[in-house]
Amino acid sequence: MNLTVIGSGYVGLVSGTCFSEMGNKVTCVDIDKEKIDKLLQGITPIYEPGLEAMVSRNVENKNLHFTNHIKEAIKNAEIVIIAVGTPMGEDGSADLKYVLSVAKEIGEQMNNKLVVVNKSTVPVGTAAKVKEVIQKELDKRNVVIDFDVVSNPEFLKEGVAIQDFMKPDRVVIGAESEYAFSKMKELYSPFFRTHDRFITMDVKSAEMTKYAANAMLATRISFMNEIANICEKVGADVNQVRLGIGSDSRIGYSFIYPGAGYGGSCFPKDVKALNKMGEEHGYKAELISSVESVNDRQKLIIANKIINRFGEDLKDFTFGLWGLSFKPGTDDMREAPAIYVVKELVKRGAKIQAYDPKAIIEAKSFYLKDLKNIAYCKSKYEVLENANALILLTEWKEFRSPDFNEIKKQLKKPIIFDGRNQYNAFDLENKGFEYYQIGK
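Residues numbered from 1 in each chain as written. Predicted model: local features only at pLDDT ≥ 70, side-chain atom pairs only at ≥ 80, totals over all residues. Heavy atoms only, no water.

### Description of the packing of aromatic side chains
One pass over the structure, following the stated rule, counts 20 aromatic pairs. Judged by centre distance (5.0 Å) and plane angle (55 degrees), the ring pair of F310 and F317 falls under tilted. Note on accessibility: F310 and F317 belong to one class, buried. By way of ring pairs, the aromatic residues F310, F317, F319, F417 and Y436 are connected into one cluster. Taking the ring centre of Y179 as reference, the NZ or CZ of K113 above it sits at 3.7 Å. For R170, the ring lying beneath its charged end belongs to F155, and the centroid distance is 3.7 Å. (Phe/Tyr/Trp six-rings, centres within 6.5 Å; stacked < 30°, edge-to-face > 60°. Buried < 20%, exposed > 50% of the residue type's maximum accessible area, 1.4 Å probe, protein only. Lys NZ or Arg CZ within 6 Å of the ring centre and 35° of its normal.)

This is how it looks when you write it as structure tokens:
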């Protein structure tokens, strides 16, 4: 099948590459010429395990192409996938300017029957807007071309996106015609050799499904963090409580780990957008609003523990930091707890020595670029030199079983602030550590 994917960011690049892996002829489009030039050289703009090798392989076998020109890309396409960004507007709503701009260009350039797929996370009703914009451009050209607009939300987890795409839990398709459903089923059929997880529904329900899924997962995280904070007040162990409730098959263990709050490109933006969606339709989403406020507070929990331990004036203190990305397996720092913790400490005069396996370039070039008093180290033990305490904020595998004797030796005092509850408090206290974690 001939596909065009417009937008070569995280979702577009992963989707296009995985479709090409199954033998489709895929052209990825992006207005960023520098990004396209790098992709043509096999250099990916994002870190995602396995992606760069898959891109190179499919460019070499001519299944995957890159261009800056939509007209050239959609000339022979059967399906056009919109995967551009939907940044959060000032009021918390999703900004559709890029999606609608692409729709306009599709209407200006298309010359054959198309299935246009919204893969960007967009509010309910966006497919209708995209259809209207495309039809308006066709009318201006005085041409009649049949097309469908489909909603196909993505459910990729950063760090395991290739695996998620190649072996999906489900594929959700919202469409208005049997033709569109059949084309999408043909597209995804190679991914369902053993289990049919192709779920069809109306377009608005498909658009809503993505927001509902992310809001549910964010709710579980904020709920567990709320429980952790209550546990700390009453003297209970949240890690034991997690085991107690997770063993209930109705609840399970997914997304009930206490921590320093959620971040990334999806949960924060989608929770805000869902809240705004409710407001625009006269409904106050009190639970969704609380999920967001709990998370905002949670991002400062570790910073507050440090301030309570060392005082408001931190100008004579240095802290070693393990982890900058919002989660392991990615270099993505969008809304990462590390941003908030570092800024709270630095504004009180603290010095930070930070290490992350993948996100240092992101921190230096964008998220923490204007901050003074922060140094970036080449290894996890280098950050400990002459530091007053160690802070852990991302649960990378290499942090799971460190040499605690080395940590104790390097730190001025054996103090750890653990924002991901990675270690056993009893064991560390027996080793002579002063250990702080979420809910304790």
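Now that the structure has been shown, we can carry on.
### Observations concerning the layout of surface pockets
Roughly 250 Å³ of internal volume is contained in the second largest pocket. What lines the second largest pocket is S93, A94, L96, P123, V124, G125, T126, K129, A273, M277, E280 and H281. Looking at the lining of the second largest pocket, the elements that each hand over two or more residues are α6 (126-141) and α11 (267-280). Of the residues forming the lining of the second largest pocket, the biggest block, three residues, is contributed by α11. Considered class by class, the residues forming the lining of the second largest pocket number six nonpolar, four polar and two charged. (1 Å grid on protein atoms, 1.4 Å probe; cavity = no way out; pocket = protein on both sides within 12 Å on 5 of 7 lines; lining within 4 Å. Points joined across faces, edges and corners; volume = space filled by probe spheres on them. Helix = DSSP H or I, 4+ residues; strand = E, 2+ residues; numbered from the N terminus. Nonpolar A, V, L, I, M, F, W, Y, C, P; charged D, E, K, R; others polar.)

### Quick notes on the sheet that holds strand β13 (residues 415-418)
Pairing in this open sheet of six strands is parallel, and the strands run β11-β10-β9-β12-β13-β14 from one edge to the other. Since the sheet does not close on itself, it has two edges, and those belong to β11 (374-376) and β14 (434-437), each with one partner. For this sheet, the mean angle separating the axes of adjacent strands, direction not counted, is 20 degrees. Packed on one face of the sheet, helix α13 (residues 301-310) meets β9 (318-322), β12 (389-392), β13 and β14 and runs near 155 degrees to β13. (Pairing = 2+ DSSP bridges. Axes fitted to C-alpha atoms, helices over the stretch in contact; angles between N-to-C directions. Contact = heavy atoms within 4.5 Å.)

These values are about where atoms sit, not about what they do.
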